[in-house]
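A closer look at the structure
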Amino acid sequence: MSLKGKTAIITGATSGIGYAIAETLASNNCNVVINGFAELHELANIVGYLSSLGDGKAVHCASDLTKLDDIQSLIQFTQDSFGGADILVNNAGMQHVAPIEDFSVENWDKVIALDLSACFHLIRLTLPFMRTKGWGRIVNIASAHGLVASVNKIGYVTAKHGLVGMTKVVGLETAQENITCNAICPGWVLTPLVKKQIEERAKVGNITVEQASAELLAEKQPSGAFVKPEAIGELVLFLTTEAAAQMTGTSLSIDGGWVAR
Ligand code: NAD
């Protein structure tokens, strides 16, 4: 399959799931505009590597997506580089873990800004180009936590449930325009975001990282295995195909059975 001539914005693509999505789309000849934080030399390596994967070009834009000005710069940068984005993958996200009374207002604002509001802004700002082209694919990386809750994750669970709702509204508003909007709801994927939680759990429980990792999986994910980031890349790729043209406004779980119980 070839996405030659198409351009994707993938937010938070310097690490974890976003990086794997960028790899998959770039391997299928898509131009990729990646965003996210990393050291300058790492960024150069990532952009060089992604550009080498197919016929498309990879570029990086250093935007902090908690800031509206930076979001607008990312859109402008994409327009200047490639004319606009045919595919938008809202992937950047952060987590903060604390009971509601200890959940600082600052952390609440940050999680909502990145995991929810940035997705709203990026969708509203990319839609005009997709409408002009008469084709578009929007994929929101939500979470199993967009469908069910856990304790101590008030910001994340609220944002991800909101993102699933946003996906439905955008799916409806674009239903007759050859534009689709879907959410992917992963269970545990072993990325820096989750490694941090495992290390914290090991520290608090005075157990090894391996034990903490096994506990984390046993608690939520019936398969007992982590979801591979590459599998999420393949799912995003599928959503860009003609076979998925009638899939919109929906949420796709890839979670080892997490939300089935
Ligand atoms: P990660 O921490 O490995 O990567 C996060 C990316 O977002 C990085 O590229 C980082 O630089 C970027 N980022 C962070 N703050 C940013 C900001 N203010 N502006 C722009 N970019 C910023 O995380 P991940 O595990 O790969 O998670 C990616 C997405 O998948 C998130 O939305 C997360 O909620 C979701 N998710 C992850 C898991 C999991 O188990 N890892 C499960 C379900 C959903």
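The following paragraphs examine the structure supplied in this document. Residue positions are given per chain, counting from 1 as you read along its sequence in written order. Local features are withheld for residues below a pLDDT of 70 in this predicted model, meaning they are given only at 70 or higher, and side-chain atom pairs are given and counted only at 80 or more; totals for whole chains, interfaces and linings count all residues. Hydrogens and water are ignored here; the side-chain numbers use all heavy atoms of the structure.

What follows concerns the pattern of salt bridges. Salt bridge criterion: a side-chain nitrogen from Lys or Arg within 4 Å of a carboxyl oxygen from Asp or Glu. Counting across every chain of the model gives 6 salt bridges. For Asp-55, the salt bridge goes to Lys-4, with nearest N and O atoms at 3.3 Å. You can see Asp-55 sitting in the loop between helix H2 (40-51) and strand S3 (58-61) and its partner Lys-4 sitting in the segment before strand S1 (7-10), a full 51 residues away along the chain. For Lys-4, a relative accessible area of 55% corresponds to the exposed category. A salt bridge links Glu-219 to Arg-201, with the nearest nitrogen and oxygen atoms 2.6 Å apart. Of this pair, Glu-219 sits in helix H7 (residues 209-220) while Arg-201 sits in helix H6 (residues 192-205), and the two are 18 residues apart along the sequence. Numbered from the N terminus, helices here are DSSP runs of H or I no shorter than four residues, and strands are runs of E no shorter than two. When accessible area is computed with a 1.4 Å probe and restricted to protein chains, residues below 20% of their type maximum are described as buried, those above 50% as exposed, and intermediate ones as partly exposed.

Backbone-to-backbone hydrogen bonds join strands into a sheet, with any given pair of strands oriented parallel or antiparallel. When DSSP finds at least two bridges between two strands, those strands are taken to pair. Taken in spatial order, the 7 strands make up an open sheet running S3-S2-S1-S4-S5-S6-S7, and their pairing is parallel. This sheet does not close on itself; its edge strands, each paired only once, are S3 and strand S7 (251-254). Along the sheet, successive strands turn relative to each other by an average axial angle of 20°, direction set aside. As judged from the 4 bridges shared by strand S6 (residues 179-186) and S7, these two strands associate in the parallel manner. By the bridge assignment, Cys-185 is partnered in S7 with Ser-253. Of the strands in this sheet, S1, strand S4 (87-90), strand S5 (136-141) and S6 touch helix H4 (residues 105-133), which is tilted by about 175° from S4. Helix axes use the C-alpha atoms of the stretch in contact, all axes being lines fitted to C-alpha atoms, and the angles between their N-to-C directions lie in the range 0 to 180 degrees. Contacts are residue-level and defined by heavy atoms, with any inter-residue pair within 4.5 Å sufficient.

Looking now at H7. One fewer than the residue count of a helix, multiplied by 1.5 Å, yields its expected span. When the terminal C-alpha atoms of H7 are compared, their 17 Å separation across 12 residues agrees well with the 16 Å that a helix rising 1.5 Å per residue should span. Lining the buried residues of H7 we find H6.

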